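Descriptive analysis of the structure
Each chain, written out:
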Amino acid sequence: MKKLSILGSTGSIGTQTLDIVKNNPDEFKIVGLTTNKNIELLKKQIIEFKPEAVGVMDNEKADLLKKDVDINVYSGIDGIIKIATLNEVDTVVNSLVGSIGVKPTIEAIKNKKNIALANKETLVTAGSIVMEEVRKNNVSLMPIDSEHSAIFQCLNKEINNDSNINNNLNNEIKNNEYNDVVNKITITASGGPFKDYLKEQLENVTVKDALNHPTWNMGNKITIDSATLMNKGFEVIETHWLYGIDYEKIKVVIHPQSIIHSMVEFKDSSTLAQLSLPDMKLPIQYALIYPKRLSLNIKKLNLTEIKNLSFEKPNFELFPCLKYAYDAGKIGGTIPCVLNAANEIVVYAFLDNKIKFLDIPKLIDKMIKQHNVIKNPDLTQILDVDKKIKEEAQKIIENKIEITQ
Ligand code: MN
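Residues numbered from 1 in each chain as written. Predicted model: local features only at pLDDT ≥ 70, side-chain atom pairs only at ≥ 80, totals over all residues. Heavy atoms only, no water.

Topic: the side chain of Q274
Position of Q274 among the secondary structure elements: in strand 11 (residues 271-275). Residue classification places Q274 among the buried positions, given a relative accessible area of 10%. Once residues within four sequence positions are removed from consideration, Q274 is found in contact with S146, A150, Q153, C154, I259, I260, H261, S262 and L282. (Helix = DSSP H or I, 4+ residues; strand = E, 2+ residues; numbered from the N terminus. Buried < 20%, exposed > 50% of the residue type's maximum accessible area, 1.4 Å probe, protein only. Contact = heavy atoms within 4.5 Å.)

Digging into the environment of I81
One can find I81 in helix 4 (residues 76-84). In sequence terms I81 and L7 are 74 residues apart; their C-alpha atoms lie 9.1 Å from each other. Apart from the residues within four sequence positions on either side, I81 is in contact with K103, P104 and E107.

Quick word on the coordination of the manganese ion
Around a metal, the ideal angle is 109.5 degrees if four donors adopt a tetrahedral arrangement and 90 or 180 degrees if six donors adopt an octahedral arrangement. D145 (OD), E147 (OE) and E235 (OE) make up the full set of protein donors to the manganese ion, lying at 2.1 Å. Considered as a linear motif, the donors of the manganese ion on their single chain read D-x1-E-x87-E. Take D145 and E147: they sit in the same class, and that class is buried. (Donors = N, O, S within 2.8 Å, 3.2 Å for Na, K, Ca; no water.)

A few points about the packing of helix 13 (residues 230-243) against helix 17 (residues 335-351)
Interhelical geometry of helix 13 versus helix 17 gives an angle of 155 degrees and a closest axis separation of 12 Å. Classed by the angle they form, the pair helix 13 and helix 17 counts as roughly antiparallel. In this structure, helix 13 crosses over helix 17, and the sense of that crossing is left-handed. Contacts between helix 13 and helix 17 involve M230, F234 and I237 on the former and, on the latter, P336, L339, N340 and N343. (Axes fitted to C-alpha atoms, helices over the stretch in contact; angles between N-to-C directions. Parallel < 35°, antiparallel > 145°, perpendicular 65-115°, else oblique. Left-handed = near helix turned anticlockwise from the far one by under 90°.)

Observations regarding the nonpolar core
Formed by 122 residues in total, the largest nonpolar core has its most connected members in L65, I144, L339, F357, I360 and I364. Apart from residues lying up to four places away in sequence, I360 is in contact with I224, T228, C321, N343, V346, F350 and I355. (Core = buried A, V, L, I, M, F, W, Y, C linked by side-chain atoms within 4.5 Å.)

Describing unusual backbone geometry
P291 follows Y290 through a cis peptide bond whose omega is 10 degrees. Structurally, P291 is set in the loop between helix 14 (281-289) and helix 15 (303-306). Phi angles above zero are rare outside glycine, and L229 is one such case at about 70 degrees. Position of L229 among the secondary structure elements: in the loop between helix 12 (220-228) and helix 13.

Thoughts on a nonpolar patch on the surface
On the surface, L275, L301, L303, L309 and F311 cluster together into a nonpolar patch covering about 380 Å² of accessible area. Along the chain, the position of L303 falls in helix 15. (Patch = residues over 30% accessible without salt bridge, like charges linked within 9 Å, V, L, I, M, F, W, Y side chains within 5 Å. Areas by Shrake-Rupley, 256 points an atom, 1.4 Å probe, with all protein chains shown as cover. Salt bridge = Lys/Arg side-chain N within 4 Å of Asp/Glu carboxyl O.)

Section: the packing of helix 1 (residues 12-23) against helix 14
Their axes nearest at 10 Å, the elements helix 1 and helix 14 cross at an angle of 65 degrees. You can see that helix 1 and helix 14 cross each other, and the crossing is right-handed. Contact with helix 1, carried on its side by I13, Q16, T17, D19 and I20, involves K281, I284, Q285 and L288 of helix 14 and no other residues of that element. Across the contact of helix 1 with helix 14, the residue classes tally to four nonpolar, three polar and two charged. (Nonpolar A, V, L, I, M, F, W, Y, C, P; charged D, E, K, R; others polar.)

Here's the deal with the sheet that holds strand 7 (residues 141-143)
Pairing is parallel in the open sheet, where seven strands are placed in the order 4-3-2-1-5-6-7. Lying at the two open borders of the sheet, with one neighbouring strand each, are strand 4 (72-75) and strand 7. On average, each strand axis in the sheet is inclined to that of its neighbour by 20 degrees, with strand direction left out of account. Alignment of strand 5 (residues 91-94) against strand 6 (residues 114-117), held across four bridges, turns out to be parallel. The partner of T91 across the bridge, within strand 6, is N114. Against the sheet, helix 6 (residues 120-137) touches strand 5, strand 6 and strand 7, its axis set at about 145 degrees to strand 7. Where helix 14 meets the sheet, it contacts strand 1 (2-7), strand 2 (28-35), strand 5, strand 6 and strand 7, and its direction lies at approximately 165 degrees from that of strand 7. (Pairing = 2+ DSSP bridges.)

Thoughts on the environment of F49
With respect to the helices, strands and loops of the structure, F49 is situated in helix 2 (residues 39-49). Here the alpha-carbon distance between F49 and K29, two residues 20 residues apart in the chain, equals 8.0 Å. In contact with F49, other than residues within four places in its own chain, are L18, V21, K22 and I30.

Things to note about the confidence of the model for the chain
The predicted model of the chain averages 94 in pLDDT, with 94% of residues at 70 or higher. Here residues 161-167 scores under 50 on pLDDT; set against residues more than four positions off or in separate chains, the count is 10 contacts. (pLDDT = per-residue confidence, 0-100.)

Structure, rendered in structure tokens:
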């Protein structure tokens, strides 16, 4: 039985993870849960799943919750880290949003916890450090993302053919064996709600328009990232870190039906793909139960009903965030951290109606151009840059400084 802590249990991935736990009581036990401030839902989860302890990011909300429950309630970032490192836990599901997830992930790894990672900002911000800790501590890091789950399922066949079926993926990455056997990884993207828009149309899109994602139902932040294609850019960087693949070999293709979740072309020109209807429960369950498979009650794929699968090139001019992410990944150092930190601030500013949709890429580009890259940063330097960039971006937005490219 796997003993889980879920960081961000009241969000979209967190609640779906708990659904899977509920449906498989013999496989999973909940040890810890955390929320940012949704203590009402957390209270219900405590009653239903009986964790040992919980964490609440917001200090006041944590104090309120303490009056209502008779388990340990920890607060703030230290509280989240506490839940990520509880003795009894063997696997930490990180479904936090933003670079706030970096520290809990690294502390969990140092405490020999396996990681199921939905918090992509962690790998974008601190990919080299996280992967180094994964190797040093010999834990597994499984992606909770439809694309990376697809890539893993395709690669997995290649690496487990002569080894024990255990998750030794990370050792394989260390030896960088994938670059030799893989020609190309193609990450699919739905294209988001503005796929066929003209630049003029993008100028005045509203928050409501941007939150209206055609195929996936997700949290607000990632839905805006999908509309700008920054989400896809992050996934390119994640692919690089998870599987040790050169950026030149990672491609993005628009696939509006979201049926093929990604593809791997091997050196003999054979391409493997993974298909399913879009439902995050599948990558969540797979990440938690690999190398087994469990039945899952979701809608099944019927290709004659779907009829057509189509593919298009992404429009890098209309969606420059995708280009910024590729560039940031290739330059490396602290640049991906800047990309993410600036993005976090501008996305929430857009959600608060403080800036326009097209200001999102402009401000990110400005912050990257201003930044003096630190090559091979340590964790302290990364967290320092993350904080400073967020403060600077916030200042630009609050003071309504004109954003020029
Ligand atoms: Mn994804």
